[in-house]
Amino acid sequence: ALDQALDPLLDGIRSRLRYLCEVGLGYLTLDRQSRTLSGGEVQRINLTTALGTSLVNTLFVLDEPSIGLHPRDIDRVVGVLERLRDQGNSLLVVEHDPQVMLAADRVLDIGPGPGENGGELVFAGAPAQLLGDEGAASRSLTADYLAGRRLVSEPRAPSPPAADAAAIRILGARAHNLKGIDVEVPLQRLVVVTGVSGSGKSTLVQDVLYNALRQIKGEPVEQPGEHTAVEGHERIGELLLLDQSSIGRSSRSNPASYIGALDVIRKRFARTALAKERGYTAGTFSFNSGNGRCPTCGGNGFEHVEMQFLADVYLRCPDCDGSRYRASVLEVEIEGCTGDQTGRRSIAGVLAMTATEALAFFGGDKELKRALEPLQAVGLGYLRLGQPVPTLSGGEAQRLKLAGQLAHSVSQRKGARGGTLFVLDEPTTGLHFADIEVLLRAFRRLIAAGHSFLVIEHNLDVIAAADWLIDLGPEGGDGGGELICVGTPDAVAEHPTSHTGRALRKHRAADSQIPEVIEVPEGVADARPPPYLPTPASPAIEILHAREHNLQDLSVSIPRGKLSVITGVSGSGKSTLAFDILFAEGQRRYLESLNAYARQFVQPAARADVDAIRGIPPTVAIEQRTSRGGAKSTVGTLTEIHHFLRLLYVKLGIQQCPDCGIEIRPQSRETILERIQAEHAGRRVALLAPLVIARKGIYNELAAWAARKGWF
């Protein structure tokens, strides 16, 4: 009977532990707080939970499950996704990693460009067609990069540091799993820290180096990780950590104000003849303060209506119609570089332009061109100048920070004050091959200006383009924390035991190879039937004429029971299709199936701008989000392993005294009395028992009674 009770518990524990190892999280401890995990780690933990539930006939929507994984471990995640598919589920994965794309049953490429230049279906088919049929994929940038027709980084000789070059030295790093390593970080170079997940990269770069340098410079953030010393800090002027956290929560902040271009634009409007005639200054053209902003909405462009029992409503301002300015201020217009009267724009019209459109409009203005070029340089030319920064994705926010530094470096003399050390943690998260190419060019531009980059990265294109690599390992957790090798990408590729070196060799030797694809004729059953064969009402999920956000009247068919990957450049509309349309519609239909009493507690999302969605099954989203759990939320509770362990110990475990090790067993009153009389014969014994059990309240009378009896 005990074995029958133990088997389900042990199976549940073992299966979840096995899933954690399969998705590359074997280095995590079960008591690690969930709020210390990255977004990619939380997503893969949720993926293991989905496997443990054994759901079938379900649509899983995932957001880049490969984030944070070394190339060695990508195949493990692909295996997990295939297992979910083979259980009878449909998978829709937003992904940029070539290993995941080539393992998919179907690839959907959204593009061809970002923003308003995207939102179209440029390719839909098997990976073999994406690489082999140039006609079918003629508009696909993804196909060009996968097939080797375009390169993320042109081949160039690395720039290794000289023996006496400026560098920062970390001595005796012992934080977490680091094994007392000494590391040298060359300056004015692109230095990439590599290694499998959990090998100690973030500990070395952020916990030790970044926190130590901030403390040395009198700007402490957190206590640095344990180390002996950090040398060479005087060789850098500033230290900046560019992560993917939000820039701000205010809807008043926008790309133009963040990079300083809005100040220049407002001065241009203040110089016009009409502005001078009316006495307008640059401050008049600010929607944050002054008399130029709309008095009704205070420059927000919308009015906030609080609802007592429903979600708050935001209505477009009836006076300024969302422009944020008074009508008299909008009468002031400025000419573009052509001088065409039909091309005149008000301040609201300029803020509605994309950075690319503004560069063309102000092409003859050198100061404005210099202010706006950083947005184009980091691949954010599709952003509107007045777009609120809280609406940006994590990757866009990180690149906007980089654009701000590019704009700041324009006015700095090369090498002034020792330059800035930029610290980045996986900057390629959410980026397409084309976006990575633009990002690397921005890195090189700042390095040429005398700055330095220290980047934690798993992307092989970035690793291959680095000047210097620092490889940690060999494994994660206690099996990591060692310095495996340092050197140029060529030197690391030749290292016999480096996982990064092995991945680099494979990347260079077979950059455009695709897995063997078995063509199955129509009408013939799949040669690999899953263990569970679902019988869906429709063979595919059909989305008809989607116009949400930047989607251009897009219609697409997603096969059920298959692994489909959505790819495309950043801002092309991938997440809009996967999450804002498909997942939101699946959730909305589920909520509408509840009774009226249940629906009053959960407000369904508004219907997306789409004509119809057919054949959609129950939908589960596994997104890349950092956990907001408290101190009691751990890896064990997230994976439900803790619940199994509690049941195992409480119900089936053998309790023992922590002091003497004697087994604790239930005994009757008679047995207890006999044992006391036998073991304590001839002595006075005080037997205590609780008078109040599992009841709340204040018991003053009971306490007074106990005091009178002499118990206190």
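This text gives an overview of the structure that appears in the document. What you see is a predicted model; the values in this text were computed from it and never measured.

Before going further, it helps to examine the pattern of salt bridges. Scanning the entire structure with this criterion turns up 34 salt bridges. With a shortest N-O distance of 3.0 Å, Glu335 and Arg344 are connected by a salt bridge. A relative accessible area of 26% means that Arg344 is categorised as partly exposed. With a shortest N-O distance of 3.2 Å, Asp609 and Arg547 are connected by a salt bridge. Residue Asp609 is located in the loop between α21 (596–599) and β19 (610–614), and its partner Arg547 is located in the loop between β16 (540–546) and β17 (554–559); the two are separated by 62 residues in the primary sequence. Exposure remark for Asp609: the relative accessible area of 36% places this residue in the partly exposed category. Judged by its relative accessible area of 32%, Arg547 falls in the partly exposed class.

Attention now moves to the sheet that holds strand β5 (residues 167–173). Here three strands make up an open sheet; going across it, the order is β6-β5-β8 and the pairing antiparallel. Two strands close off the open sheet at either side, each with one partner strand: β6 (181–186) and β8 (229–231). Between one strand and the next, the sheet's axes are offset by a mean angle of 10°, whatever the strand orientation. Inspection of the sheet shows β5 paired to β6 by five bridges, in the antiparallel sense.

A separate point is a nonpolar patch on the surface. Together, Leu688, Leu691, Tyr699, Leu702, Trp705 and Trp711 make up a nonpolar patch on the protein surface, roughly 650 Å² of accessible area in all. Within the fold, Leu702 resides in helix α25 (residues 700–708). A relative accessible area of 31% places Leu702 in the partly exposed class.

The next subject is unusual backbone geometry. A cis amide bond, omega 0°, links Gly111 with the succeeding residue Pro112. Examined against the element boundaries, Pro112 turns out to sit in the loop between β3 (106–111) and β4 (120–125). In this model, Gly473 is joined to Pro474 through a cis peptide bond whose omega is 0°. Examined against the element boundaries, Pro474 turns out to sit in the loop between β14 (468–473) and β15 (482–487). Positive phi, normally seen in glycine, also occurs at Asn57, with a value near 55°. Secondary-structure assignment places Asn57 in the loop between α2 (39–53) and β1 (59–63). For Asn57, a relative accessible area of 27% puts it in the partly exposed group. Here Ala694, not a glycine, exhibits a phi torsion of approximately 55°, which is positive. Among the secondary structure elements, Ala694 is positioned in the loop between α24 (669–679) and α25. Using a relative accessible area of 84% as the deciding quantity, one classes Ala694 as exposed.

About the cut-offs
Residues numbered from 1 in each chain as written. Predicted model: local features only at pLDDT ≥ 70, side-chain atom pairs only at ≥ 80, totals over all residues. Heavy atoms only, no water. Salt bridge = Lys/Arg side-chain N within 4 Å of Asp/Glu carboxyl O. Buried < 20%, exposed > 50% of the residue type's maximum accessible area, 1.4 Å probe, protein only. Helix = DSSP H or I, 4+ residues; strand = E, 2+ residues; numbered from the N terminus. Pairing = 2+ DSSP bridges. Axes fitted to C-alpha atoms, helices over the stretch in contact; angles between N-to-C directions. Patch = residues over 30% accessible without salt bridge, like charges linked within 9 Å, V, L, I, M, F, W, Y side chains within 5 Å. Areas by Shrake-Rupley, 256 points an atom, 1.4 Å probe, with all protein chains shown as cover.

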